[in-house]
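Descriptive structure summary
Read off the chains here:
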Amino acid sequence: MSLRTTALVVAASALVLAGCAAAPGATSQAPDPTSSQTAPGGAATGTFTYVIASDPTSLNPINTSDRWGLTTTNIVYSPLARVEADGTVVNELAESIEPAEDGLSVTVKLKEGIVWSDGEPLTADDVVFTYTNKAVKENGNADLLWIGDKPIQAVKVDDLTVRFELPSFSAAALSNIATETYIIPEHVYSGVTDFSVAELDPIAVGSGPYKLVEYKRGEYLRFEANESFYGGKPAIANLTLQIVANADTVKAALQTGEVDASFVTPAQIADLTGSPIDVHAYPEGRVAYLGVVAPKVKDVKARQAIFFALNRDDLNKAAYLSEEYFQNAYSILPPSNPFATTELESYAQDVEKSKQLLTEAGAAGLKLTLGYAGADPAQTVQATLIQQQLAAAGITVELAGVEPGAVYSEIEKGADSAYDLFLGGYIMGIEPDAYSLLFRTGASANYFGYGNPATDALFDKGITTADLAERKAIYADLQRQIADDAVFFPIADNLKILAVNQRIGGVEDAKPAPIYTLENFGKLTEK
Amino acid sequence: MALYIGRRLLQVIPMLLLISLVVFLMIQAAPYDVVDSITTPNMSAETIEIIRQRYGLDDPVLVQYFRWLGNVLQGDLGYSLVSQYSISADLAAKIPNTVILVVPAYLTALALAIGLGLWAGANHGRRIDRFIDGASAIGLATPPFWFALLVIYLFGYYLNWFPIIGMHTVGQDDLIDLLRHFVMPYLVLTVAFAPELLRYVRSSTVSQLREDYVLVQRAFGASRAEIFRNHVSRNVLLPIVTQIGVALPLLVTGAIITETIFGWPGVGPYFLTATKSLDYPVILAILLLSATLVIVGNLIADILYVLVDPRVRLERSRS
């Protein structure tokens, strides 16, 4: 009996609790339609709200490598220098960067008077501390700071001078030292014993344009202007990175002015016309490509036959809708890369030649499986089109649209892979040696199972050559070699499209940049 | 009855073990793992191997499973492999957000279902019944994500009445702001929950009206309204109480799609993100919680059924 009573009490109290929770629902039916909401193109609010698609994977500058982690890091911290799209090095924290004549060291002088957001001076100790910890392999992001099997060492010369000592000459060293290493304060983190973690504690002391003041996981990151930022105090006092996963929701929020900016797809732009929104399209130096798993399609003539059957223009117009949103890519390097060449076999469509090569290779009636990211609209369109284009040359293609992670772990099986072809894309930066991770024999991201001693030799030569013109010639040869070997069909550098509410100005001054969205969020203004 | 409840609760344990093992093995059977989902072409093979070791993904599958199980048995749900945050802490922050959304929507749906269901059932075959039944069929067939987009278009964009994203405007924590964010997802969820309940109430009303006792009452001269008020409605509504038990798992997983579309910081977006990147400790924690609630919910439903209907016995009488 008593149990029955208890159960009744429990049920009753559950109802009461539920009733309490329901109460606000009842009042919510009468919202105040006049209450403040940012009108599209409306007045200054003191806040710039930017949409990011997910939580950053890591907020730790020592090991972050995901898009939103790097975006946040670039807002809170500063690097010694940046490598711009044309390959020039622009100083940030550094006053000067001097490579030694023998190429075995680089001396960096810091700007005077730079302070952390907590007021402490930024010194050579911080730089040495950062580079030393980043070069520890266990921390998870040391690759750029190693040459062969030895790390680059950072040595303090005086309070504002650091010398980087290279174990051997590397033409990529300067770029690798500058790229994606953000200086962290030693006086705050000297007690940290494990830098492989996803978040440092506290996360708030930096030298970038903004300070991170609040992070609500799954909701937003809130920043306030860093008054002591060496690049000048940001014009907009507050910055919010709002996390929204659904692209349709983002589009509506852009239209209503609830958020100020977001990346959008070419297909969404038509819907945004009529709203007070400006669109900025810029290259990220990405190469979208069709890859061949070489151990599955061993005959180079068969691979060339596949490439001659394709029509790059059609693939791009179908996927990216307008020429404003892509540039055709012809080489392993994106068209904007200063080392990229166009003097190579670009495989302009030639279906007759394709058929002829197929016959020569004894591969008539070739059947292939194409793996791609099924949730990616551009890849889905291109995969379907590739199927049609290859059919015209007598090649049958079966489509397999899956999760991107599944594509890569399948093709890594090489000859045992279920896929012969796959769609992919990468952003590897300006330094041409970085591409060796994809095309050197046995390299970690060599998804193609590609190996050619001639290509490896060119990579070796390129990295040990100091003269720029000579390097360009070497990498041009290298691009030609890979094009001839036909494992990699470059499709496009598809531009990143940033939609920004017209109430925000200064986007070009803030410099749209690969990965980070903007080089300096502090340059944005409210109109 | 205590014995019965005790025995049912004991049955939960092997069931949860089985569920966790099956889910774990299914995640392992996926063609990639969490490290594949976070690596970039810039990482060397050595770096990727270091990350894989740190997550313990280089151990044999069963070792990984029992290590995870051992921690769970000690009350430790572990850490997300991607973010390295404590899963218990994340869930403690996210479940209340989901509950705030799901409970009012479910109760509204229930109230609507009871009112409209009785009305339709009482007018079985007439125009109003056909209308309500048709509307609930359409509601049942409408995907919540699509309805959510319509709601966003109308109330968020076209009329611009409510904010679209999240639970709070950043920097504002007051109740009014919360309510303004609450209206649209609440509406979507109510419409998602109501049709099934409505059809349940309607069909049991229709079948009750065919019972002999209705005929008897009529023979005694009771009016239609009297029969409906004093007898039919009671018999229809009593089993509804049991729905409270069955609805229990909704508290965690009741709004996955809706939350994701509105950027509502509940369990939904957390679960979907983890599933995409095969972050197995998170997936397992949420599924275990949800499975527990299903089992416990069914138990509560059974007990409530006995309490509201004395004719039903939990155990066969000891004859």
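Residues numbered from 1 in each chain as written. Chains lettered and ligands numbered in written order. Predicted model: local features only at pLDDT ≥ 70, side-chain atom pairs only at ≥ 80, totals over all residues. Heavy atoms only, no water.

Bringing the environment of R8(B) into the picture now. All names here are of chain B. If you trace the backbone, R8 turns up in helix α1 (residues 2-29). By relative accessible area, which is 19% here, R8 ends up buried. In this structure, the C-alpha to C-alpha distance between R8 and V296, residues 288 residues apart in sequence, is 8.9 Å. Once residues lying within four places of it in the same chain are set aside, the contact partners of R8 are I295, N298, L299 and D302. (Helix = DSSP H or I, 4+ residues; strand = E, 2+ residues; numbered from the N terminus. Buried < 20%, exposed > 50% of the residue type's maximum accessible area, 1.4 Å probe, protein only. Contact = heavy atoms within 4.5 Å.)

Working note: regular strand, side chains alternate between the two faces of the sheet. Residue and element names in this part refer to chain A. Sheet topology places strand β4 (residues 94-99) next to strand β5 (residues 105-110); 5 bridges connect them, and they run antiparallel. Counterpart to P99 in the pairing with β5 is V106. Counted between consecutive antiparallel strands, the loop separating β4 from β5 contains 5 residues, among which G103 sits at a positive phi close to 75°. (Pairing = 2+ DSSP bridges.)

Now for the packing of aromatic side chains. Residue and element names in this part refer to chain A. As enumerated under the stated definition, the model contains 40 aromatic pairs over all chains in all. Ring plane angle 85° and centroid distance 5.8 Å describe the contact between Y289 and F422, whose orientation is recorded as edge-to-face. Taken together, the residues Y289 in strand β15 (residues 286-292) and F422 in strand β19 (residues 421-427) connect sequence positions 133 residues apart. Overall, the relative accessible area of 1% leaves Y289 in the buried class. Classification of F422 as buried rests on a relative accessible area of 0%. (Phe/Tyr/Trp six-rings, centres within 6.5 Å; stacked < 30°, edge-to-face > 60°.)

Looking now at the nonpolar core. Most often, soluble globular proteins have nonpolar side chains that are buried together. If you look at the biggest cluster of nonpolar residues, it comprises 63 residues, and the most contacted ones within it are L290(A), I306(A), L370(A) and L390(A). Core analysis: the next-biggest nonpolar cluster, separate from the first, contains 42 residues, I75(A), F129(A), Y182(A) and A225(A) among them. (Core = buried A, V, L, I, M, F, W, Y, C linked by side-chain atoms within 4.5 Å.)

Interface size is commonly expressed as the accessible surface area that is lost when the partners come together. Counting from both sides, the interface comprises 63 residues of chain A and, opposite them, 52 residues of chain B. Summed over both partners, the interface of chain A with chain B buries about 5,000 Å², with 61% contributed by carbon and sulfur atoms. Counting across the interface, chain A meets chain B through 1 salt bridge. If you look at where chain A meets chain B, you find 8 residue pairs in polar contact (both at pLDDT 80 or more). Residue assignment for the side of chain A that touches chain B shows that the elements contributing at least two residues are α1 (2-27), β11 (220-225), β12 (238-243), α6 (247-256), α12 (404-411), β19 and α13 (436-439) of chain A. By residue number, the principal contributor to the side of chain A that touches chain B is α1(A), which donates 13 residues. Grouping the constituent residues of the side of chain A that touches chain B by class yields 27 nonpolar, 24 polar and 12 charged. (Buried area = accessible area lost by both parts, 1.4 Å probe. Salt bridge = Lys/Arg side-chain N within 4 Å of Asp/Glu carboxyl O. Polar contact = N/O pair within 3.5 Å; in protein donor to acceptor, adjacent residues only side chain to side chain. Nonpolar A, V, L, I, M, F, W, Y, C, P; charged D, E, K, R; others polar.)

The next point concerns the confidence of the model for chain B. For chain B, the average pLDDT comes to 87, and 98% of its residues sit at 70 or higher. At the level of chain-chain contacts, confidence expressed as ipTM amounts to 0.83, with global pTM at 0.85. (pLDDT = per-residue confidence, 0-100.)

Turning to the sheet that holds β4(A), a few remarks are in order. Residue and element names in this part refer to chain A. Taken in spatial order, the 4 strands line up as β4-β5-β9-β8 in an open sheet, and their pairing is antiparallel. What marks the edges here is a single partner per strand, and that holds for β4 and β8 (153-158). Strand-to-strand, the axes of this sheet are offset by a mean angle of 20°, without reference to chain direction. Taken together, the 5 bridges between β5 and strand β9 (residues 161-165) define a ladder with antiparallel strand orientation. Bridging across to β9, V106 finds its partner in F164. On the sheet, helix α3 (residues 124-134) packs against β5, β8 and β9 and is oriented at approximately 170° with respect to β8. (Axes fitted to C-alpha atoms, helices over the stretch in contact; angles between N-to-C directions.)

Here we come to the packing of helix α9 (residues 212-219) of chain B against helix α10 (residues 224-241) of chain B. All names here are of chain B. Where α9 meets α10, the closest approach of the two axes is 10 Å, and the angle between their N-to-C directions is 155°. With respect to each other, α9 and α10 are oriented roughly antiparallel. At the point where α9 passes α10, the crossing takes the right-handed sense. Along the contact surface, α9 presents Y213, V214, Q217 and R218, while α10 presents R224, I227, H231, V232 and N235. Its residues placed into classes, the contact of α9 with α10 shows 4 nonpolar, 3 polar and 2 charged. (Parallel < 35°, antiparallel > 145°, perpendicular 65-115°, else oblique. Left-handed = near helix turned anticlockwise from the far one by under 90°.)

Here we take up the environment of D158(A). All names here are of chain A. Note on placement: D158 falls in strand β8. Each C-alpha atom of the pair D158 and D125 lies 8.9 Å from the other, and the pair is 33 residues apart in sequence. Separated by 2.8 Å, the side chains of D158 and T161 make a polar contact.

Residues and elements named next belong to chain A. Buried residues dominate strand β1 (residues 47-52), accounting for 6 of its 6 residues. Side-chain alternation along β1 places T47, T49 and V51 on one buried face and F48, Y50 and I52 on a second face that is also buried. Strand direction decides the pairing type here: β1 and β12, joined by 6 bridges, are parallel. By the bridge assignment for β12, I52 is matched with I243.

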